[in-house]
2 protein chains.
Amino acid sequence: MEKIKNFKLTVSYDGTSFRGWQKLPGTDSETVQGRLEKVASLLSGCETAVNGAGRTDAGVHAIGQVANVRLPGELSCTEIRDYFNRYLPETVRVVSCEEASDRFHARLSAKAKTYEYYFTTGEKPPVFERKYVYRHPSAVDVSKMDDACRLLIGTHDMKGFATAVPKKKSSVRTITGASVSSADGFGLFGHGNAPDVYVIKLTGDGFLYNEVRIIAGTLLEIGSGAMDASNITKALETGDRHFAGFTAPASGLFLAKVYY
Amino acid sequence: MEKIKNFKLTVSYDGTSFRGWQKLPGTDSETVQGRLEKVASLLSGCETAVNGAGRTDAGVHAIGQVANVRLPGELSCTEIRDYFNRYLPETVRVVSCEEASDRFHARLSAKAKTYEYYFTTGEKPPVFERKYVYRHPSAVDVSKMDDACRLLIGTHDMKGFATAVPKKKSSVRTITGASVSSADGFGLFGHGNAPDVYVIKLTGDGFLYNEVRIIAGTLLEIGSGAMDASNITKALETGDRHFAGFTAPASGLFLAKVYY
């Protein structure tokens with residue numbers, strides 16, 4: 001019997017036309033996981049699971065999603081990466097492949113994740129980056145948004161910032177990093193090409209369903225003056241979704257990095 | 001009678017789904033010029049021409065196309081820019097608007113233009129930049145391509161590098177800058193995100209139809225070893241298109257800058 005090895009894949013994808021990461025019955029080709037599992041199964045000759053670190057929602061992108069997959073051990077990392085890239089659509093790319101310990105599981109072993117949310121308040125998004133930036137209709141005070149981020153740091157019950165709350169599982173999560181700043185370096189041609197673009201960065205041990213997008217919406221409403229920063233504290237203390245802001249669109253959101 | 005002023009517009013566009021810059025009978029909305037003239041006419045209340053510096057071909061993009069347009073003098077530059085951006089599709093953006101002298105003509109006053117051609121030879125283009133990078137099927141020697149660029153510098157009859165040669169007009173043009181290098185800084189998230197991407201930069205007083213794309217194709221064939229660098233000299237000396245390489249696809253090409 002041939003030896004099976006566990007491989008860690010770093011994957012980037014343009015989520016625009018996907019129904020999200022997670023495989024759905026009957027729509028494998030419309031999900032990133034479905035696409036990856038199809039190629040993995042071709043490669044191994046039997047049905048093969050690909051476990052992702054984060055279940056990104058429909059329309060959400062990834063710079064550095066991480067997944068693990070068990071494949072025949074005689075394949076080299078370069079062969080695996082190239083095989084995936086040959087058979088995946090142009091919207092999904094395996095950036096790197098490395099051998100992992102047998103116990104490594106992309107989701108269960110993850111210690112933290114960073115999400116980035118890009119937005120602009122300019123009269124129009126920059127053309128080459130338009131699908132990856134949310135255009136907020138009103139002007140915002142970015143430093144006010146950044147200040148409000150401090151209220152998010154720490155361990156809290158996040159259910160006030162989620163759409164669907166797990167019934168039997170804990171909704172307590174820890175946010176270790178939160179900031180809003182100018183998105184320097186963002187843009188097809190680097191710095192300066194896409195002015196007026198800002199980024200909300202959130203790092204934490206886990207995020208509930210829609211949590212990052214609801215936090216982004218809340219910060220934008222605080223920035224535009226539509227909402228007071230104290231709403232964050234209220235939503236954290238009461239767990240009441242009504243204190244938080246709108247759910248910002250998926251298109252501006254990227255799973256940037258997973259930490260192990 | 002109200003005063004009319006001449007305005008200089010700097011325009012960026014994603015050429016992917018346009019039939020090029022130049023207005024075509026019956027397909028105004030499929031050309032960049034057609035789109036701009038429609039908005040200019042709305043703004044001025046009468047049919048208004050928009051003159052572009054370069055007639056980019058179908059599928060070719062622009063970072064800094066320049067155009068001039070005559071509009072009622074009571075409008076401010078900010079009003080004009082914002083009006084255009086409100087009514088243009090998301091693929092076209094007026095980056096800036098400034099008042100120009102009455103004699104300024106975007107094409108006739110232009111002294112030089114820089115075009116940039118982005119390509120990769122990696123197994124797959126990076127996902128977020130995929131529409132703006134041509135993937136060449138074989139590996140290339142970039143420094144060999146850069147060396148070959150020196151043969152292009154100077155004043156030459158360029159008809160060997162053109163698809164349609166002007167019959168009564170001169171096909172002599174001057175290239176002042178030509179280089180091939182790593183496209184540092186390119187990529188949605190700046191340097192490092194889109195590895196293995198290179199850029200061909202060409203600056204000259206004017207380019208014939210398809211000239212930049214044929215030069216790009218020739219350089220790529222020289223880089224892959226399919227063609228000798230001496231072919232450039234032969235094409236320049238004889239004007240014979242057969243010595244030059246293939247016409248590289250439009251998607252990698254950008255009109256980067258126009259000099260006055």
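Residues numbered from 1 in each chain as written. Chains lettered and ligands numbered in written order. Predicted model: local features only at pLDDT ≥ 70, side-chain atom pairs only at ≥ 80, totals over all residues. Heavy atoms only, no water.

A. The arrangement of the pairing of strand β8 (residues 172-182) of chain A in detail. All names here are of chain A. Pairing analysis gives 4 bridges linking strand β7 (residues 154-157) to β8, with the strands arranged antiparallel. Among the inter-strand pairings, His156 is bridged to a residue of β8, identified as Arg173. In this sheet, strand β9 (residues 197-204) lies alongside β8 in antiparallel orientation, the contact comprising 7 bridges. Paired with Gly177 across the bridge in β9 is Thr203. (Pairing = 2+ DSSP bridges. Helix = DSSP H or I, 4+ residues; strand = E, 2+ residues; numbered from the N terminus.)

B. Spotlight on the nonpolar core. Ranked by size, the top nonpolar core spans 69 residues in total, and within it Phe84, Phe119 and Phe161 of chain B carry the most contacts. The greatest single-element share of this core, amounting to 7 residues, is contributed by helix α4 (residues 211-224) of chain B. Domain assignment of the residues forming this core places at least three in each of domain 1 (4-100) and domain 2 (112-259) of chain B. Ignoring anything within four residues of it in the chain, the contact list for Phe119 of chain B reads Val133, Tyr134, Val140, Met145, Val180, Asp196, Val197, Tyr198, Val199, Ile200 and Leu220 of chain B. If you look at the next biggest cluster of nonpolar residues, it comprises 67 residues, including Val39, Val69, Ala100 and Phe104 of chain A. (Core = buried A, V, L, I, M, F, W, Y, C linked by side-chain atoms within 4.5 Å. Buried < 20%, exposed > 50% of the residue type's maximum accessible area, 1.4 Å probe, protein only. Domains from an automatic or database assignment. Contact = heavy atoms within 4.5 Å.)

C. Examining the relation of the copies chain A and chain B more closely. Each copy superposes on the other: chain A lies on chain B with an RMSD of 0.0 Å after a rotation of 180 degrees and an axial shift of 0.0 Å. Such a combination of rotation and displacement between the chain copies is what one expects of a two-fold axis. Here 100% of the interface residues in chain A have copies in chain B that are interface residues too; the copies meet face to matching face. (Least-squares fit on C-alpha atoms with pLDDT ≥ 70 in both.)

D. Seen up close, the pairing of strand β9 (residues 197-204) of chain B. Residues and elements named next belong to chain B. Most of β9 sits inside the fold, with 7 of its 8 residues counted as buried. As defined by bridge partners, strand β5 (residues 112-120) adjoins β9 across 8 bridges and the pair is classed as antiparallel. Across the sheet, the residue bridging to Phe119 is Tyr198, located in β9.

E. Inspection of the domain arrangement of chain A at higher detail. Residue and element names in this part refer to chain A. What the domain assignment lists for chain A is domain 1 (4-100) and domain 2 (112-259). Carbon and sulfur atoms supply 60% of the area that domain 1 and domain 2 bury against each other, a total of about 1,100 Å² over both sides. When the buried area of domain 1 at its contact with domain 2 is split by residue, Asp57, His61 and Ile63 rank highest and sum to 42% of it. At the boundary of domain 1 and domain 2, one finds 1 salt bridge. Residue Asp57 pairs with Arg213 through a salt bridge whose shortest N-O separation is 3.3 Å. At the boundary of domain 1 with domain 2, the tally comes to 10 residue pairs in polar contact (both at pLDDT 80 or more). The class makeup of the residues in the side of domain 1 that touches domain 2 is 6 nonpolar, 7 polar and 2 charged. (Buried area = accessible area lost by both parts, 1.4 Å probe. Salt bridge = Lys/Arg side-chain N within 4 Å of Asp/Glu carboxyl O. Polar contact = N/O pair within 3.5 Å; in protein donor to acceptor, adjacent residues only side chain to side chain. Nonpolar A, V, L, I, M, F, W, Y, C, P; charged D, E, K, R; others polar.)

F. Examining the interface of chain A and chain B more closely. Contact with chain A, which involves 35 residues of that partner, is made by 36 residues of chain B. Summing both sides of the interface, chain A and chain B together bury roughly 2,900 Å²; the carbon and sulfur share of this comes to 56%. Inspection of the chain A/chain B interface yields 5 salt bridges. Here Arg130 of chain B makes a salt bridge to Glu90 of chain A, at a shortest N to O gap of 3.4 Å. On the surface where chain A and chain B come into contact, there are 17 residue pairs in polar contact (both at pLDDT 80 or more).

G. Quick look at α4 of chain B. For α4 of chain B, which comprises 14 residues, the first-to-last C-alpha distance of 20 Å matches the rise-based estimate of 20 Å (1.5 Å per residue) to within 8%. Taken from the residues just after α4 of chain B, Gly225 of chain B is the one with a positive phi, measuring 90 degrees. (Expected span 1.5 Å × (residues − 1).)

H. Geometry of the packing of aromatic side chains. Counted by the stated rule, this structure contains 32 aromatic pairs over all chains. Taking the centre distance of 6.2 Å and the plane angle of 55 degrees together, the rings of Tyr134 of chain A and Phe246 of chain A count as tilted. Note that Tyr134 of chain A is positioned in strand β6 (residues 134-135) and Phe246 of chain A in the loop between α5 (230-238) and β10 (253-259), a separation of 112 residues in sequence. The exposure class assigned to Tyr134 of chain A is buried, which follows from its relative accessible area of 11%. A residue is classified by how much of its surface remains accessible, and Phe246 of chain A, at 26% relative accessible area, is partly exposed. Every member of this aromatic cluster is reached through a ring pair, and the members are Tyr118, Tyr132, Phe186 and Phe254 of chain A together with Phe128 and Phe189 of chain B. (Phe/Tyr/Trp six-rings, centres within 6.5 Å; stacked < 30°, edge-to-face > 60°.)

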